[in-house]
Amino acid sequence: MIAYLVGKIKFLFEDSCILLVNGVGYKVFINERTRKNLNVNQEVEFFTYTAVREDSITLYGLENQNDYELFTKLITVSGIGARTALNILSKISSRDLALAIHQKNVNTLTTLPGVGKKSAQRLILELKEKISAESLTDSNSDDAEWKMPTVSKQNALEEAAEALTALGYTNLEISEVLKKAKKSMTTEEIVKLALKELNRF
């Protein structure tokens, strides 16, 4: 399985590119957002998903690890193929997609290409437990969109509670974990602590 490629863009097409790696050209399918940021002769790197069928081997390229992880989860959902998953990630950021799923936001999901009401409900049902809410506050992420902004310490507990409510946790669950937060902690630190505790169960 080809999982990662680093090379130079040799040719660009509407939905794909030829990536030259050590003298070998790989055809990599990419989404619209990625395509707009590429130029011929540009040095790039992709996380790649290799789809193997009886009559073909197809490579799909993702710009970062967050997109790659969401892509691999999206294609496990019935009715969501690789092309649809790629197009979905062209229209919405990794963070916003994860939030929409955790918030059970059908309206947002149905605005995405290839996603109707039934598909949106399947996304929520099948991925809500697979996509870790804790990743939304991963400060080590290469994708800045996944970082949760820090607010003033005075309102840290209230803001943390609102964030956890938006992620679908109950008031009882939230109140229990917030008791463990220290007064000096920021909103981001409180949310990280809460999600760590909540994800134990």
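Heads up: the structure comes first, above all this text.
To keep things clear, this report deals only with the structure shown in the data block. Every value quoted in this text rests on a predicted model; they were computed, and no experiment measured them.

### Observations concerning the packing of helix H7 (residues 156-166) against helix H9 (residues 187-198)
Then comes step 1: The contact between H7 and H9 brings their axes to 9 Å, and the two run at 45°. For the element pair H7 / H9, the angle class is oblique. H7 and H9 meet at a crossing whose hand is right-handed. Of the residues in H9, those touching H7 at Ala156, Leu157, Glu159, Ala160, Ala163 and Leu164 are Thr187, Ile190, Val191, Ala194, Leu195 and Leu198.
Then comes step 2: For the contact of H7 with H9, the per-class residue count stands at ten nonpolar, one polar and one charged.

### Comments concerning the packing of aromatic side chains
Then comes step 1: Considering all chains together, one arrives at five aromatic pairs under this definition.
Then comes step 2: Look at Tyr60 and Phe71: their rings are 5.9 Å apart centre to centre, the planes differ by 35°, and that puts the pair in the tilted class. With Tyr60 in strand E5 (residues 57-62) and Phe71 in helix H2 (residues 65-74), the pair connects residues that are eleven residues apart, well separated along the chain.
Then comes step 3: The class for Tyr60 is buried, based on a relative accessible area of 8%.
Then comes step 4: The ring of Phe13 carries Lys27 above its face, with NZ or CZ at 5.9 Å from the centroid.
Then comes step 5: Between the NZ or CZ atom of Arg83 and the centre of the ring of Phe29, over which it lies, the distance is 4.1 Å.

Criteria and cut-off values
- Once a new chain begins, its residue numbering starts again from 1 and follows that chain's sequence as written.
- For a predicted model such as this one, the threshold for reporting local features is a pLDDT of at least 70, and the threshold for listing and counting side-chain atom pairs is 80 or more; totals across whole chains, interfaces and linings nevertheless cover every residue.
- Side-chain numbers here rest on the full set of heavy atoms in the structure, without hydrogens or water.
- Helix axes are fitted only over the stretch in contact, all axes being lines through C-alpha atoms; the angle between N-to-C directions runs from 0 to 180 degrees.
- Helix numbering and strand numbering both begin at the N terminus, where a helix is a DSSP run of H or I of at least 4 residues and a strand a DSSP run of E of at least 2.
- We call two directions roughly parallel when the angle between them is under 35 degrees, roughly antiparallel when it is over 145, roughly perpendicular when it lies between 65 and 115, and oblique otherwise.
- Handedness of a crossing is defined here by the sense of rotation of the near helix relative to the far one, left-handed for an anticlockwise turn of less than a right angle and right-handed for a clockwise turn.
- Only heavy atoms enter the contact rule, under which two residues are in contact if any of them lie within 4.5 Å.
- Each residue receives one of three labels: charged for Asp, Glu, Lys and Arg, nonpolar for Ala, Val, Leu, Ile, Met, Phe, Trp, Tyr, Cys and Pro, and polar for the others, Gly being one of them.
- The criterion for an aromatic pair is that two Phe, Tyr or Trp rings (for Trp, the six-membered ring) have centres within 6.5 Å, with stacked assigned to planes under 30 degrees apart, edge-to-face to planes over 60 apart and tilted to the rest.
- Only protein chains enter the area calculation, which uses a 1.4 Å probe; residues under 20% of their type maximum are buried, those over 50% are exposed, and those in between are partly exposed.
- Consider the ring centre and the ring normal. A charge sits over the ring if Lys NZ or Arg CZ is within 6 Å of that centre and within 35 degrees of that normal.

Function-wise, these values are silent; they only describe arrangement.
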